[in-house]
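Summary of the model geometry
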Amino acid sequence: FKAMINVNKSKRGGNSLNQKKLSKKIQRIYRQAFVYFLWIRKWGRAPRKFIIDTDRKLVYLNNPKVACSSIKKSMFGDQPDIHDFVNLYTEWELNRETGRYYKFTFVRNPYKRLISCFEDKCIQHPDDICWDSYLFSGLLRIRDFNQFVYRIFLLPGCLAEPHFAGQYLLVYDRRGKCQVDYIGKVEHIKEEYEPIRERFNLLPLPHMNRAASLTGRCWMDYYTPFTAWLVYRKYKKDFIAFGYEDEYRKLKEYLKGKK
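The structure displayed is predicted, hence computed values, not measured ones.

On to the pairing of strand β2 (residues 58–61), then. Of the two faces of β2, the one lined by L58 and Y60 and the one lined by V59 and L61 are each fully buried. Bridge analysis of strand β1 (residues 50–53) against β2 gives four bridges, and the strand direction is antiparallel. Across the sheet, the residue bridging to D53 is L58, located in β2. If you look at the hairpin formed by β1 and β2, you'll find four residues sitting between the two strands, and K57 has a positive phi there, around 55°.

This is the structure:
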């Protein structure tokens, strides 16, 4: 990287605005690559974010694009920027004490979750800070959903950004041990979250970030038979472990009927 910067200096005089921009861009990429190297070496994937309420002895395993904003608001109230606020309560690993707390998370149909990621990060908020800091964001700054699916399929799971990373790798460790006491489905969150809310005296669950519904399209219309198969192959463990295999069958039948 230093050699590249020096070459650019010799060509442009050393103090040009373009050289400074290039230098900053290279430094940013280097930092991102180093962080991903550390992630892969330690966890084999992006690290988990455990959001811990020590007063209630409660842990929420954050799963992006699965009502995580609503759950955080329920736990900590209506903060101006809930994602920045909960960073004060976030740990990458649990210790002996927090490991005994009640731990929960929610999962989602992989097809709908990927659409939500695309609509949010590629269409509505392409310059989101978390998206901008992703090493491969340049490959995914596109407005075509089919191309989005193709590129995500080709990215190794260990390099996936948390908003489209496999949910199985989040919930289970390398030995197949579940990291939480309860796994709910966002499709039934009103019924399944209520016992947790009552037990720990949390706030009512708000409804936020309806990114995928803003287009007015049925989620099945985003897919073709080929992209439906690609997503099933990419997230097969999610479909099997969390009981979403029937969604693949329904989607195939729907797309077959459209021909």
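Here the narrative resumes, following the displayed structure.
Our next topic: the environment of Q147. Within the secondary structure, Q147 is located in helix α8 (residues 145–154). Judged by relative accessible area, which is 34%, Q147 ranks as partly exposed. In the structure, Q147 is positioned 80 residues away from T227 in sequence and 9.4 Å away in space, judged by C-alpha atoms.

This next bit is on α8. Because each turn of an α-helix spans 3.6 residues, side chains separated by three or four positions in sequence point in the same direction. By the burial criterion, the buried members of α8 are F145, F148, V149 and I152. Seen along its axis, α8 keeps its buried residues to an arc of 95°; they face one direction. In this fold, the buried residues of α8 make contact with α5 (110–124), α6 (129–132), α7 (137–140) and α11 (225–234). Capping the start of α8 is the job of one residue whose side-chain oxygen sits 3.2 Å from the backbone nitrogen of N146: D144.

Moving on, we come to the packing of aromatic side chains. Here the structure, examined in full by the defined rule, presents 26 aromatic pairs. Look at Y232 and F239: their rings are 5.1 Å apart centre to centre, the planes differ by 50°, and that puts the pair in the tilted class. The pair formed by Y232 and F239 is uniform in burial state, with each residue classed as buried. One aromatic cluster in this structure is built from Y111, F118, F145, F148, W219, Y222, Y223, Y232, F239 and Y248. The aromatic ring of Y244 is capped on one face by K185, whose charged end is 4.5 Å from the ring centroid.

Here the focus is the confidence of the model for the chain. Mean pLDDT for the chain: 85, with 79% of residues reaching 70 or above. Confidence drops under a pLDDT of 50 for residues 1–12, and excluding neighbours within four residues, the segment shows eleven contacts in the predicted structure.

Okay, the side chain of R108 next. As for its position among the elements, R108 is in the loop between β4 (102–107) and α5. An unpaired buried charge is present at R108: no salt bridge exists, and E187, the closest side chain of opposite charge, is 5.4 Å distant. Separated by 2.7 Å, the side chain of R108 and the backbone oxygen of K65 make a polar contact. Beyond its immediate sequence surroundings of up to four residues, R108 is in contact with K65, V66, R113, S116, Q167, V186, E187 and Y244.

Another point: the packing of α5 against α8. Look at α5 against α8: their axes get within 11 Å of each other, and the N-to-C directions meet at 110°. Relative to α8, α5 is oriented roughly perpendicular. Between α5 and α8 lies a crossing whose hand is right-handed. Only F145, F148, V149 and I152 of α8 make contact with α5, whose side of the interface consists of L114, I115, C117, F118 and C122. Across the contact of α5 with α8, the residue classes break down as nine nonpolar, no polar and no charged.

On to the side chain of K65. Relative to the assigned elements, K65 resides in the loop between β2 and α3 (68–76). In this structure K65 comes out as buried when scored by relative accessible area, which is 8%. A polar contact is formed between the side chain of K65 and the side chain of D120, at a distance of 2.8 Å.

Throughout the structure, instances matching the rule amount to 14 salt bridges. Of the charged contacts in the structure, one is a salt bridge between D120 and K65, with a shortest N-O distance of 2.8 Å. Highlighted residues: D120 in helix α5 and K65 in the loop between β2 and α3, separated in sequence by 55 residues. We classify D120 as buried; its relative accessible area is 9%. Between K250 and E247 there is a salt bridge, and its shortest N-O distance comes to 3.9 Å. Separated by three residues within a single helix, K250 and E247 lie in helix α13 (residues 245–258), roughly one turn from each other. Judged by its relative accessible area of 36%, K250 is partly exposed. By relative accessible area, which is 19% here, E247 ends up buried. A single network of salt bridges, built from pairs that share partners, joins D246, E247, R249, K250 and E253.

About the cut-offs
Residues numbered from 1 in each chain as written. Predicted model: local features only at pLDDT ≥ 70, side-chain atom pairs only at ≥ 80, totals over all residues. Heavy atoms only, no water. Buried < 20%, exposed > 50% of the residue type's maximum accessible area, 1.4 Å probe, protein only. Helix = DSSP H or I, 4+ residues; strand = E, 2+ residues; numbered from the N terminus. Pairing = 2+ DSSP bridges. Arc of directions from axis to C-beta. Contact = heavy atoms within 4.5 Å. Polar contact = N/O pair within 3.5 Å; in protein donor to acceptor, adjacent residues only side chain to side chain. Phe/Tyr/Trp six-rings, centres within 6.5 Å; stacked < 30°, edge-to-face > 60°. Lys NZ or Arg CZ within 6 Å of the ring centre and 35° of its normal. pLDDT = per-residue confidence, 0-100. Lys, Arg positive; Asp, Glu negative; His and termini not counted. Salt bridge = Lys/Arg side-chain N within 4 Å of Asp/Glu carboxyl O. Axes fitted to C-alpha atoms, helices over the stretch in contact; angles between N-to-C directions. Parallel < 35°, antiparallel > 145°, perpendicular 65-115°, else oblique. Left-handed = near helix turned anticlockwise from the far one by under 90°. Nonpolar A, V, L, I, M, F, W, Y, C, P; charged D, E, K, R; others polar.

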